[in-house]
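# Inside the fold
Given next are the chains, with one letter for each unit.
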Amino acid sequence: MGLYSRQLQTHFEHVTKSLYNPAAENIKVENPSTSEEVTLRGVKGLGHTGSKFHRQQRVNCDSLFQAIFSFCLIMMEIPVFTLDAFTNLRFKGNPAAVCPLMHELSDDLYQRIAAEMNLAETAFITRINPSDNFTTGSRFRLRWFTPTTEVNLCGHATLASAAVLFKYKKNVNPKLVFETRSGDLAVAQQGDGYIMDFPLNPPTQQDANEFRDLIKTAVGNHPIQGVYLSANTKKLMVRLADSHDSSVLSTLKVDPVALQRSETSGRVKGIIITMKESPDCQKGYDFYSRYFAPWNGIPEDPVTGSAHTVLGSYWSKELGKKKMLAYQCSSRGGELELEVRDDGRINIAGQTVTVLQGTITIATDQ
């Protein structure tokens, strides 16, 4: 029996004892999987006294509760939302699935749900304080899974998670804090979007020859201006020469399978390709990028908040700016507002659009 199943069985045993109490009239019960409240009638509510609540009636109730318990095991429903992040247009930006959960599930089940959703990331939000709910609570636990693995940091799925709590769970707090593998991440509403407080991950310059095969696979014969590695995030950043137009980056054909084959040391789990906006361009962006992470099951990530914890640090120094507007020029595309702070962190802001809302129905012991 899985963790959720044991919690559910304990819950129904408590309800059963309450209903058998001779004084029980109406018992309010919370459905553990959806947090919805229902009312059941107890002994007194059914018109019985303690002495008249016969054994056969108890057996009938036992059978009823076993049936309810078995049904819940088979039919556990998990709410799921899919939002496009870092965009205000549907089918642009980066899609993330978000599942707000009243109880923790097993790691294996998290991974299988993420594989089923088959998006760059699926986020799972759970309560830290059992007395909290998604409307009044201000601190939650947040985990992110790609189709193949759990990751330490994800920007677009954090943005989407906050949007679900603020928009659909009507959270009343001005700021939410998520406890994650990367520490506390705060998100607040800002105009039509949200602003995230993320760690900054400055990269260090590398000898391009150390990554010659990987760079060749990524950018072909295009001249580059520098190679940098964020050891903390295992993201390698390759800067294209300033002589390039942004169309070179947006039309670049990258083979994710070949990328993965060309780097097997474990030092790199994602590659960022970036360039500065040319002076004669009037689009208003400070820099462009694309991001590939086949090592984590993501051939190309459309818009990547975590990559901008590296990019923001680098371009802030290069451009001499604290506030920047970035565009990730994947086929879907998306923009990020960045502000590098003096305390070694970075604000990343963006918008979201909801494209799907529904439920995942599973057997809890699968």
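Reading guide: rules and limits
Residues numbered from 1 in each chain as written. Predicted model: local features only at pLDDT ≥ 70, side-chain atom pairs only at ≥ 80, totals over all residues. Heavy atoms only, no water. Salt bridge = Lys/Arg side-chain N within 4 Å of Asp/Glu carboxyl O. Helix = DSSP H or I, 4+ residues; strand = E, 2+ residues; numbered from the N terminus. Buried < 20%, exposed > 50% of the residue type's maximum accessible area, 1.4 Å probe, protein only. Polar contact = N/O pair within 3.5 Å; in protein donor to acceptor, adjacent residues only side chain to side chain. Contact = heavy atoms within 4.5 Å. Patch = residues over 30% accessible without salt bridge, like charges linked within 9 Å, V, L, I, M, F, W, Y side chains within 5 Å. Areas by Shrake-Rupley, 256 points an atom, 1.4 Å probe, with all protein chains shown as cover. Core = buried A, V, L, I, M, F, W, Y, C linked by side-chain atoms within 4.5 Å. Arc of directions from axis to C-beta. Expected span 1.5 Å × (residues − 1). Phe/Tyr/Trp six-rings, centres within 6.5 Å; stacked < 30°, edge-to-face > 60°.

## A word on the pattern of salt bridges
Scanning the entire structure with this criterion turns up 18 salt bridges. Here Arg112 and Asp108 are joined by a salt bridge, their closest N and O atoms 3.0 Å apart. With Arg112 and Asp108 both in helix α3 (residues 107–117) and 4 residues apart, this pair spans about one turn of that helix. On the basis of relative accessibility, which here comes to 36%, the residue Arg112 falls in the partly exposed class. With its nearest N and O atoms 3.2 Å apart, the salt bridge here joins Lys322 to Asp342. Remark: Asp342 occurs in the loop between β18 (334–340) and β19 (345–350) and Lys322 occurs in the loop between α8 (307–319) and β17 (323–328); sequence separation between them is 20 residues. Taking the relative accessible area as the measure of exposure, Asp342 reaches 73% and is therefore exposed. Each of Asp107, Arg143, Glu150 and Arg181 takes part in a single network of salt bridges with overlapping partners.

## Considering the side chain of Thr233
Secondary-structure assignment places Thr233 in the loop between β12 (224–230) and β13 (235–240). At 2.8 Å, the side chain of Thr233 and the side chain of Ser230 are in polar contact. Sequence-distant contacts of Thr233, that is, excluding residues within four places in its chain, are made with Asn201 and Val310.

## Here's the deal with a nonpolar patch on the surface
A cluster of nonpolar residues, Phe91, Val355 and Leu356, forms a patch on the protein surface that exposes about 280 Å² of accessible area. Looking at Val355, the relative accessible area reads 32%, which means it is partly exposed.

## What to know about the nonpolar core
Ranked by internal contacts, the top residues of the largest apolar core, which has 53 residues, are Phe86, Ile125, Trp144, Phe178, Leu338 and Ile348. If you tally residues by element for this core, the top one is helix α4 (residues 155–168), at 8 residues. The next biggest cluster of nonpolar side chains, apart from the first, holds 23 residues, and it includes Val219, Leu229, Leu249 and Cys329.

## Structural notes on helix α5 (residues 212–219)
Buried within α5 we find Leu214, Ile215, Ala218 and Val219. Projected down its long axis, α5 carries its buried residues within an arc of 100°, all on one side. Buried residues belonging to α5 abut β12, β13, α7 (256–262) and β14 (270–276). A positive backbone phi angle near 65° is found at Gly220, which sits one or two residues after α5.

## Quick word on α8
Along an α-helix, a turn takes 3.6 residues, which lines up residues three or four apart on a common side. Under the 1.5 Å per step criterion, the end-to-end length of α8 is 18 Å for 13 residues, consistent within 8% with the ideal 18 Å. Considered for burial, the residues of α8 that qualify are Ala307, His308, Thr309, Val310, Leu311, Gly312, Ser313, Tyr314, Trp315 and Ser316. Looking one or two residues past α8, Gly320 carries a phi angle of roughly 65°, positive in sign.

## Section: the packing of aromatic side chains
What characterises a pair of aromatic rings is the spacing of the ring centres plus the angle enclosed by the ring planes. Throughout the structure, instances matching the rule amount to 12 aromatic pairs. Ring centres of Tyr285 and Tyr288 lie 5.9 Å apart, and the angle between their planes is 65°; this geometry places the pair in the edge-to-face category. On the accessibility criterion, Tyr285 (15% relative accessible area) is buried. Ring geometry for Tyr288 and Tyr327: centres 6.4 Å apart, planes at 80°, overall edge-to-face. Of this pair, Tyr288 sits in strand β15 (residues 287–293) while Tyr327 sits in strand β17; the two residues are 39 residues apart in sequence, bridging distant segments of the chain. Residue Tyr288 is classed as buried on the basis of its relative accessible area of 2%. Overall, the relative accessible area of 24% leaves Tyr327 in the partly exposed class.

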